[in-house]
Amino acid sequence: MAEREGRKSPGAEGAHGHSHVQGDDRSCRSVARQKSNTRFDPNSLISARGLGISRDGRDLLIDVDLDIREGEIVTLIGPNGAGKTTLVRVLLGLEKPDRGEVHRRNDLRIGYVPQRFDVDSVIPLTVERFLRIGGNEPPERISSILSDVDASYTCEQQLTELSGGELQRVVLARALLRAPNLLVLDEPVQGVDYTGEAELYNLIGRLRDHHGFGVLLVSHDLHIVMAKSDRVICLNRHVCCSGVPDTVAQHPAYVRLFGAQAARALAVYRHHHDHSHDIAGHTHPAHDSAGEDSGAEGGSRA
Amino acid sequence: MVRALVAGLGLAIVAAPLGCFVVWQRMAYFGETVAQAGLIGVALGLALQMNLTLGVMLIAIIIACLLLWFSRQKAVALDSILGLLHHAALAAGVIAVSMIGWPPVDLMGFLFGDVFAIAREDLVWIFAGGAVVLAVVAWLWQPLLRLAIHEELAAAEGVDRDRVRAVFIILLAVVIAVAMKIVGILLVMAFLVVPAVAARPLAGTPERMVVLTALIAVGSVITGLWLSATLDSPGGPSIVIVMSIVAGISLTMAALKGRQ
């Protein structure tokens with residue numbers, strides 16, 4: 001399985017010619033560096049090579065390679081302080097890396113859902129206005145996208161009146177209004193309860209199926225994210241390991257980082273979700289084939 | 001009296017959008033520090049025999065840039081730096097002004113304003129400066145609002161936050177310098193912030209909040225100056241007291257409504 005994946009998606013993992021699960025041992029990383037540092041993946045929406053950031057003598061990111069292709073859900077996990085948000089900020093262009101480069105495809109349009117969206121109760125703003133500001137989208141499009149995220153009923157409400165889950169969906173709607181081909185969500189489930197979390201991930205998966213955009217999802221939660229992702233990248237300042245959810249969970253680096261219990265919880269989750277339903281009700285086998293589908297999809301589009 | 005009224009009303013309208021943005025971006029303390037540093041600008045103006053309004057403007061901009069630069073370090077919260085600096089700036093300003101022996105300076109006038117001593121030249125500053133400020137605010141309304149809603153999101157969507165912020169700081173410095181004549185550097189931020197706070201519970205959109213802020217400020221200027229003339233109380237403080245009473249009523253009503 002690992003080999004097939006490697007062939008079909010010549011990304012960060014494929015480029016250095018062995019299993020797509022990168023170990024964090026030195027030899028592996030040095031190989032990855034020699035071969036991939038110089039070459040961006042031309043098919044990727046966004047392609048980063050050798051990213052490094054240091055602040056006050058401390059390394060926040062060390063030699064991070066990352067590719068996100070169209071239609072692909074990439075989940076970035078890692079403990080607190082692993083540099084997940086820093087990496088996102090670099091990819092968004094909000095922060096300049098000290099080392100390495102980010103290559104963005106010419107037609108890249110990012111829709112961004114930030115980590116914390118504390119609505120400042122001091123700004124009076126309705127949902128409709130929040131979505132309209134800075135874009136001047138026609139009202140029909142706004143209401144159609146609001147209904148895509150199941151939030152039509154919030155249109156006339158003040159942002160401050162929304163629950164955590166509603167607010168996240170509205171911010172997601174704002175990101176979708178930009179017609180992105182890459183959606184970046186930084187820990188979108190903060191302040192959302194467990195059911196809301198599952199719903200939000202289902203929604204993101206559905207939207208991906210429908211629009212075909214790439215998704216970069218930052219998460220600290222291992223149980224829910226994994227099932228929806230085509231690829232998981234495990235970050236602890238450097239890329240510890242990456243791959244499709246089940247392989248990554250068996251990787252020693254993953255187990256070391258999150259403990260055997262997290263890996264077991266994941267296995268339980270997979271058991272419950274060995275298939276998924278798309279928007280039309282068709283059943284798909286989860287994980288493995290999903291990863292390959294998106295790889296092939298990305299290839300044919302490029 | 002007429003000149004005081006005209007100046008106060010002009011400033012009330014110019015200050016309204018700035019006051020709203022100060023409240024939205026939680027920059028009241030920031031503005032306070034910049035305003036209090038204005039006294040150093042007065043001293044500078046006196047020493048160099050330049051226009052005092054220009055001196056205050058210049059120092060306000062320098063201090064604001066310094067504060068923005070400080071806020072980039074993460075070791076100490078900006079809040080603590082502001083707490084330290086706004087007293088230091090005031091102290092430095094009082095010392096600097098008092099060390100300049102000639103011409104004699106009315107320190108109280110700079111601290112609390114002297115609205116009845118407004119000269120024709122000050123009116124020109126208020127209306128010419130005010131027109132420019134309002135025009136720029138109107139021009140940058142969308143990016144300013146987006147930054148106030150969520151800075152990172154706006155930046156990720158392509159708003160040039162450094163440039164917009166820099167323009168805002170300059171506008172703030174202009175308004176502070178102009179308003180100093182009327183309400184003094186100690187009450188400038190109150191003149192900006194209090195009407196906006198009073199307007200907030202009554203407004204459903206950002207634009208309506210600005211209009212309400214302006215209306216509350218206009219009403220307060222009229223009532224405050226009338227009080228001042230009737231009771232022979234200082235003009236600037238009287239205006240601010242009226243604003244505060246309106247804000248108190250507005251917030252109390254909002255709290256009562258929230259409890260139901």
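Scope of this entry: the structure provided in the associated data block. (Residues numbered from 1 in each chain as written. Chains lettered and ligands numbered in written order. Predicted model: local features only at pLDDT ≥ 70, side-chain atom pairs only at ≥ 80, totals over all residues. Heavy atoms only, no water.)

Before going further, it helps to examine the interface of chain A and chain B. Residue-level contacts link 21 residues of chain A with 23 residues of chain B. In total, chain A and chain B occlude about 2100 Å² of area from one another, counting both sides; carbon and sulfur atoms represent 55% of this. For the chain A face of the interface with chain B, the top three residues by lost area are A:V122, A:I123 and A:P124, together amounting to 26%. Linking chain A to chain B there are three salt bridges. Note that A:R129 and B:E207 form a salt bridge whose closest N and O atoms lie 2.6 Å from each other. (Contact = heavy atoms within 4.5 Å. Buried area = accessible area lost by both parts, 1.4 Å probe. Salt bridge = Lys/Arg side-chain N within 4 Å of Asp/Glu carboxyl O.)

Attention now goes to the packing of aromatic side chains. Residues and elements named next belong to chain B. Across all of its chains, the model carries five aromatic pairs over all chains by this definition. An angle of 70 degrees between the planes, with centres 5.2 Å apart, marks the rings of F21 and W141 as edge-to-face. Of this pair, F21 sits in helix α1 (residues 2-24) while W141 sits in helix α8 (residues 141-149), placing them 120 residues apart in sequence. Accessibility classification places F21 together with W141 in one group, the buried group. Between W24 and W141, the ring centres sit 6.3 Å apart and the planes meet at 65 degrees, which makes this aromatic pair edge-to-face. Of this pair, W24 sits in helix α1 while W141 sits in helix α8; the two residues are 117 residues apart in sequence, bridging distant segments of the chain. W141 carries the same exposure label as W24, and that label is buried. Each member of the aromatic cluster is reached from another via a ring pair, and the members are F21, W24, W141 and F168. (Phe/Tyr/Trp six-rings, centres within 6.5 Å; stacked < 30°, edge-to-face > 60°. Helix = DSSP H or I, 4+ residues; strand = E, 2+ residues; numbered from the N terminus. Buried < 20%, exposed > 50% of the residue type's maximum accessible area, 1.4 Å probe, protein only.)

Core analysis: the largest hydrophobic core is formed by 159 residues, its most contacted members being A:F130, A:L172 and B:W24. Here the element with the most residues in this core is helix α10 (residues 161-183) of chain B; it accounts for 15 residues. Among the nonpolar cores identified, the runner-up in size contains eight residues, and A:C234, A:C240, A:V248 and A:A253 belong to it. (Core = buried A, V, L, I, M, F, W, Y, C linked by side-chain atoms within 4.5 Å.)

We now examine a nonpolar patch on the surface. Residues and elements named next belong to chain B. Together, L202, I241, I245, I249 and M253 line one region of the surface with nonpolar side chains, adding up to about 490 Å² of accessible area. You can see I249 is positioned in helix α13 (residues 235-259). Of the residues examined, I249 reaches a relative accessible area of 49% and is grouped as partly exposed. (Patch = residues over 30% accessible without salt bridge, like charges linked within 9 Å, V, L, I, M, F, W, Y side chains within 5 Å. Areas by Shrake-Rupley, 256 points an atom, 1.4 Å probe, with all protein chains shown as cover.)

Before going further, it helps to examine the sheet that holds strand β8 (residues 231-236) of chain A. Residues and elements named next belong to chain A. Spatial ordering of the open sheet is given by β5-β6-β7-β3-β8-β9, a layout of six strands whose pairing is mixed. The two strands at the open ends of the sheet, each matched to only one other strand, are β5 (110-113) and β9 (238-243). Sheet twist, expressed as the average angle between the axes of neighbouring strands with direction ignored, equals 15 degrees. The pairing of β8 with β9 spans five bridges and is antiparallel. Bridge assignment links I233 to a residue of β9, and that residue is S242. With respect to the sheet, helix α4 (residues 84-92) is in contact with β3 (73-77), β5, β6 (182-186), β7 (214-219) and β8, its orientation differing from that of β7 by roughly 150 degrees. Strand contacts of helix α7 (residues 164-177): β5 and β6, with the helix running at about 165 degrees to β5, the strand carrying the most contacts. (Pairing = 2+ DSSP bridges. Axes fitted to C-alpha atoms, helices over the stretch in contact; angles between N-to-C directions.)

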